Amino acid sequence: ETGVTQSPTHLIKTRGQQVTLRCSSQSGHNTVSWYQQALGQGPQFIFQYYREEENGRGNFPPRFSGLQFPNYSSELNVNALELDDSALYLCASSLVGGARETQYFGPGTRLLVL
Amino acid sequence: LAKTTQPISMDSYEGQEVNITCSHNNIATNDYITWYQQFPSQGPRFIIQGYKTKVTNEVASLFIPADRKSSTLSLPRVSLSDTAVYYCLVGDMYSGSQGNLIFGKGTKLSVKP
């Protein structure tokens, strides 16, 4: 177990709705990254937060937004859901400052948009 | 960011050693090489990470030649539970640039009895 938890495990939404996914980082980690994984594909980087500020973003539109809290837990918010947003959403936490920071992934949230 | 190329799939039998090779011709000086394992509907699990030569841990070995343009993940004596997708990633973990970790499609390893 990585110590990274995500909620909910599964979620069904309809097109146009908004969704919030949550991630609790491994104890002591100060960085969280979010990834989207479509069926049969590798995870795609959405963005990363370090000490509550966005620290890098992938090729995702602004309707994908995030927050990192002082306790280093995190949220991923997606507005105006589209059918193509159906995917497994993964968060990964790590500790910046070491020579080689390794990202530890949570189990993911499976989102289905109808 | 260095792109990686891996075989799409591999088959093996229980008890065999499996070697999965990844090509990363454009690897940069500051890049590390990391391998993850992923089971269906689960998050990727860190296996091993290295910069050069050989790294070994309790589950795998990672061989990196001097030019670092490729790497080989070695899984000793695989079992049925090693059936999974294996991803090779190359990158400077905290450059702050886009594309924090670039995952390809990975290698789907099937272990047969």
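Everything numeric here is computed off the predicted structure, so don't read it as measured data. What you see as residue numbers is a count from 1 along each chain, following the sequence as written. Numbering of ligands from 1 and lettering of chains from A proceed in the order in which they are written. This being a predicted model, a pLDDT of at least 70 is required before a residue's local features are given, and a value of 80 or more before pairs of side-chain atoms are given or counted; all residues contribute to the totals for chains, interfaces and linings. Based on all heavy atoms of the structure, the side-chain values leave hydrogens and waters out of the count.

(A) Examining the overall build of chain B more closely. Working definition: helices are DSSP H or I runs of at least four residues, strands are E runs of at least two. Numbering for both runs from the N terminus. Counting its secondary structure elements, chain B contains zero helices and nine strands. Ordered by position from the N terminus, the helices and strands of chain B form the series β-β-β-β-β-β-β-β-β. Based on C-alpha atoms, the radius of gyration is set beside the globule rule, defined as 2.2 Å times the residue count to the power 0.38. Computed over the C-alpha atoms, the radius of gyration of chain B is 14 Å, within 12% of the 13 Å expected from 2.2 N^0.38 for a compact globule of 113 residues. With the C-alpha coordinates of chain B rotated into their principal frame, the extents come out at 45 × 30 × 25 Å. Expressed as a percentage of the 113 residues in chain B, the buried residues total 45%. Accessible area for chain B stands at about 5600 Å²; split by element, carbon and sulfur atoms hold 50% of it. The charge count treats Lys and Arg as positive and Asp and Glu as negative. His and the chain ends do not count. Just so you know, the charge point we use is NZ for Lys, CZ for Arg, CG for Asp and CD for Glu. Side chains of chain B give 10 positive and 8 negative charges; the mean places of these two sets differ by 4 Å. Only protein chains enter the accessibility calculation, which uses a 1.4 Å probe. A residue is then buried if its area is under 20% of the maximum for its type, exposed if over 50%, and partly exposed in between. Each accessible area is a Shrake-Rupley estimate made with a 1.4 Å probe; only the visible protein chains count as cover when residues are assessed.

(B) Seen up close, the sheet that holds strand β7 (residues 64-68) of chain A. Residue and element names in this part refer to chain A. When DSSP finds two or more bridges between a pair of strands, those strands are recorded as paired. Read across the sheet, four strands follow the order β1-β3-β8-β7 without closing on themselves; strand pairing throughout is antiparallel. Of all strands in the sheet, those bounded by a partner on one side alone are β1 (5-7) and β7. Each strand axis lies, on average, 20 degrees off the axis of its neighbour in the sheet, ignoring direction. Inspection of the sheet shows β1 paired to strand β3 (residues 19-24) by three bridges, in the antiparallel sense. Bridge pairing links S7 to R22 in β3. Only the stretch in contact is used when fitting a helix axis, every axis being a line fitted to C-alpha atoms; angles between N-to-C directions are given from 0 to 180 degrees.

(C) Quick look at the pattern of salt bridges. One side-chain nitrogen of Lys or Arg within 4 Å of one carboxyl oxygen of Asp or Glu is enough to make a salt bridge. With the rule as written, the count across this model stands at five salt bridges over all chains. Two residues, A:R63 and A:D85, come together in a salt bridge whose shortest N-O distance is 2.8 Å. Of this pair, A:R63 sits in the loop between β6 (53-57) and β7 while A:D85 sits in the loop between β8 (74-78) and β9 (87-94), and the two are 22 residues apart along the sequence. Here B:K112 makes a salt bridge to B:D11, at a shortest N to O gap of 3.8 Å. Highlighted residues: B:K112 in strand β9 (residues 107-112) and B:D11 in strand β1 (residues 9-13), separated in sequence by 101 residues. We classify B:D11 as exposed; its relative accessible area is 55%.

(D) Fine view of the state of the cysteines. When the sulfur atoms of two cysteines come within 2.5 Å, that pair is taken as a disulfide. A complete count under the given rule lists two disulfides over all chains for this structure. Bridging A:C23 to A:C91, the disulfide has an S-S length of 2.0 Å. Looking along the S-S bond of the A:C23-A:C91 disulfide, the torsion reads about 70 degrees, which is the right-handed sense. Taken together, the residues span a long stretch of sequence, with A:C23 in strand β3 and A:C91 in strand β9 at a distance of 68 residues. Classification of A:C23 as buried rests on a relative accessible area of 3%. The partner cysteine of B:C22 in its disulfide is B:C88, sulfur to sulfur 2.2 Å.

Keep in mind that these numbers describe shape and distance, not what the molecule does.
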